[in-house]
Structure formats: C-alpha cells, structure tokens
Amino acid sequence: MKVLLLNGSPHEKGCTYTALSEAAKELNREGIETEILYVGGDDVHGCMGCGACGKLGKCRFENDKVNEAVAKMRESDGLIVGSPVHYASASGAITSFLDRFFYCGSSAAVHKPAAAVVSARRAGTTAALDQLNKYFMISQMPVVSSQYWNMVHGQCPEDVEKDEEGMQIMRVLGRNMAWMLRCIEAGRAAGVAVPEPEPEKKRTNFIR
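None of these values were measured; they are calculated from a predicted model.

Chemist: Looking at this model, I keep getting lost on the overall build of the protein chain. Mind explaining?
Modeler: Check the secondary structure of the protein chain and you find seven helices and six strands. Going residue by residue from the N terminus, the α and β elements of the protein chain occur as β-α-β-α-α-β-β-α-β-α-β-α-α. Taken against the 2.2 N^0.38 rule, which gives 17 Å for 208 residues, the C-alpha radius of gyration of the protein chain at 17 Å falls within 12% of a compact globule. Taken over the C-alpha atoms alone, the protein chain extends approximately 50 × 45 × 35 Å along its principal axes. Expressed as a percentage of the 208 residues in the protein chain, the buried residues total 47%. Just so you have it, the protein chain exposes about 11,400 Å², and 51% of that area is on carbon and sulfur atoms.

Chemist: Looking at this structure, I do not really get empty space enclosed by the protein. What am I missing?
Modeler: Where empty space is left in the structure can be found by rolling a water-sized probe over the atoms. Considering all chains together, one arrives at one cavity of 30 Å³ or more under this definition. Reported here for the largest cavity is a volume of approximately 100 Å³. Considering the residues around the largest cavity, the lining is formed by 13 residues, among which C47, C50, C53, C59 and Y103 are closest to the centre. Considering every element that reaches the lining of the largest cavity, the biggest residue donor is helix α4 (residues 92-105), with three residues. Of the residues contributing to the lining of the largest cavity, the split by class is eight nonpolar, three polar and two charged.

Chemist: Looking at this structure, how should I read the environment of E185?
Modeler: Structurally, the position occupied by E185 is in helix α7 (residues 164-189). Classification of E185 by relative accessible area gives partly exposed; the value is 41%. Separated by 184 residues in the primary sequence, E185 and M1 place their C-alpha atoms 9.1 Å from one another.

Chemist: It is not clear to me how the packing of aromatic side chains should be interpreted in this structure. Could you clarify?
Modeler: Centre-to-centre distance and the angle between the planes together describe a pair of aromatic rings. Evaluated as defined, the whole model comprises five aromatic pairs. Aromatic side chains F97 and F101 sit 6.3 Å apart centroid to centroid with 20° between the ring planes, which places their arrangement in the stacked category. Taken together, the residues F97 and F101, both in helix α4 and four residues apart, mark about one turn of the helix. Judged by its relative accessible area of 0%, F97 falls in the buried class. Their ring planes at 80° and their centres at 5.0 Å tell us that F101 and F102 sit as a pair that is edge-to-face. For the pair shown, F101 and F102 are each scored as buried. Clustering of aromatic rings is evident, with ring pairs tying together F97, F101, F102, Y135 and F136.

Chemist: How should I be thinking about the side chain of E26 in this particular structure?
Modeler: Inspection of the secondary structure assignment puts E26 in helix α1 (residues 15-29). Side chain to side chain, E26 and R175 meet in a polar contact 3.2 Å long. The contacts of E26, once residues within four sequence positions are left out, are R171, G174 and R175.

Chemist: Would you explain the layout of surface pockets in this entry?
Modeler: Within this model, the largest pocket holds a volume of roughly 520 Å³. Contributing to the lining of the largest pocket are 16 residues, with S106, I138, S139, Q140 and K201 lying nearest its centre. Only α4 and α5 (125-137) provide two or more residues apiece to the lining of the largest pocket. Looking at the lining of the largest pocket element by element, the count peaks at three residues for α5. Grouping the amino acids of the lining of the largest pocket by side-chain chemistry returns five nonpolar, five polar and six charged. Grouping the amino acids of the lining of the second largest pocket by side-chain chemistry returns 11 nonpolar, two polar and four charged.

Rules used in this analysis
- Residues numbered from 1 in each chain as written.
- Predicted model: local features only at pLDDT ≥ 70, side-chain atom pairs only at ≥ 80, totals over all residues.
- Heavy atoms only, no water.
- Helix = DSSP H or I, 4+ residues; strand = E, 2+ residues; numbered from the N terminus.
- Rg over C-alpha atoms; globule rule 2.2 N^0.38 Å.
- Buried < 20%, exposed > 50% of the residue type's maximum accessible area, 1.4 Å probe, protein only.
- Areas by Shrake-Rupley, 256 points an atom, 1.4 Å probe, with all protein chains shown as cover.
- 1 Å grid on protein atoms, 1.4 Å probe; cavity = no way out; pocket = protein on both sides within 12 Å on 5 of 7 lines; lining within 4 Å.
- Points joined across faces, edges and corners; volume = space filled by probe spheres on them.
- Nonpolar A, V, L, I, M, F, W, Y, C, P; charged D, E, K, R; others polar.
- Phe/Tyr/Trp six-rings, centres within 6.5 Å; stacked < 30°, edge-to-face > 60°.
- Polar contact = N/O pair within 3.5 Å; in protein donor to acceptor, adjacent residues only side chain to side chain.
- Contact = heavy atoms within 4.5 Å.

Written out as structure tokens, the structure reads:
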C-alpha cells in the first residue's frame, strides 16, 4: 500500500514538509509506502474550465506536475495534501493545482482515504483545512482525522518540531490513515465492493 503526499508550500523543506514528514514516518512504521511530491515551487496554471481533459484524458497544461500527480494517484491508496496558510487559505499554488488535479483526475482518487495538513505561524488554519477538505468530499474520498485538527504552528521547521501537540497530531494522523487503509483492504478481501454509482449524475441548476 502507498500514500501520496503533496507538498504545496513554496518552501520545499519548510514547515509544511516537516509536518508531512512526521505523518509519513508513522505511515512507514506501519508498513505503508509513502512519496512526498513537491508541487509548491511550480508555476501552476489555474483551471480554465475548457473541458479538454475530457477528450485528452489529462490536463492540457504540461508545465507543472498535475498530470504526474494524477498518474501517481492512480497507483496510490491514499492522499495527504499539505499547505501553508496564506491569508487564512491554502496557498495559491496548491489551490490551482488541486482545481486541475481533481477536475481532470478525480477518478484516480475516488473512494481512497484523504487528509489535509496545514501549517501556520499563528491563525487561519481551520479555514484553510475546510477549503482543502472540500476537494475530498466532492470526490467521494473518506476524510481521515486525527485527535485534533490537522495543523502545526511555527515560523520555521525548528519551531514546528517544538510544537509537541502538532507533531503528535501528525503521528496520530499517520496511524489513522494506515488503519483505514487496512480496513479497506480487509473489506476488499472479504468481498465488500465499492458503492455502485447511479447510472446518471444529476446536475440541478438554481436558475432555470
């Protein structure tokens, strides 16, 4: 089993990476393979809503790692998305990245457990978490929780390492993700199938 972790911080080895690494270490201890994919340093194009991905089977923009991440997600069993807090929101890079990742590749993620992790110097964390969790909820992904909201605090990685509660939250998150993956695997082995989709997806406009 494998979990893909997306690092949406502009700082490759900063506070967000420190949090993701702590969760990844716990997953590794539980026998789960991990990969941290750094995407926060790319020039990420926003989604144009062009629909080309429906014809191409991938996003038409190739200047960043969106298509690479979708391919990796198809081979992974779970997802953790990490972001710093910018103006009480997830970073602009990870927001644009996830808009396209899920628009063109949600089929790679459906029914796979997911979690969001955020880092902040002080505040805005719960708003950013709420934003990120919405990507999972619209994509039929079970959301993995910890013993508190998935956040760490600090101005630099050394500060985050001193955030004992935050680091513990990351370790608990890693163990909870491993547990859910094993539950899904056991269910699959016992013949429990994923829910059957309805034949037609309904779309209701507010104004007719």
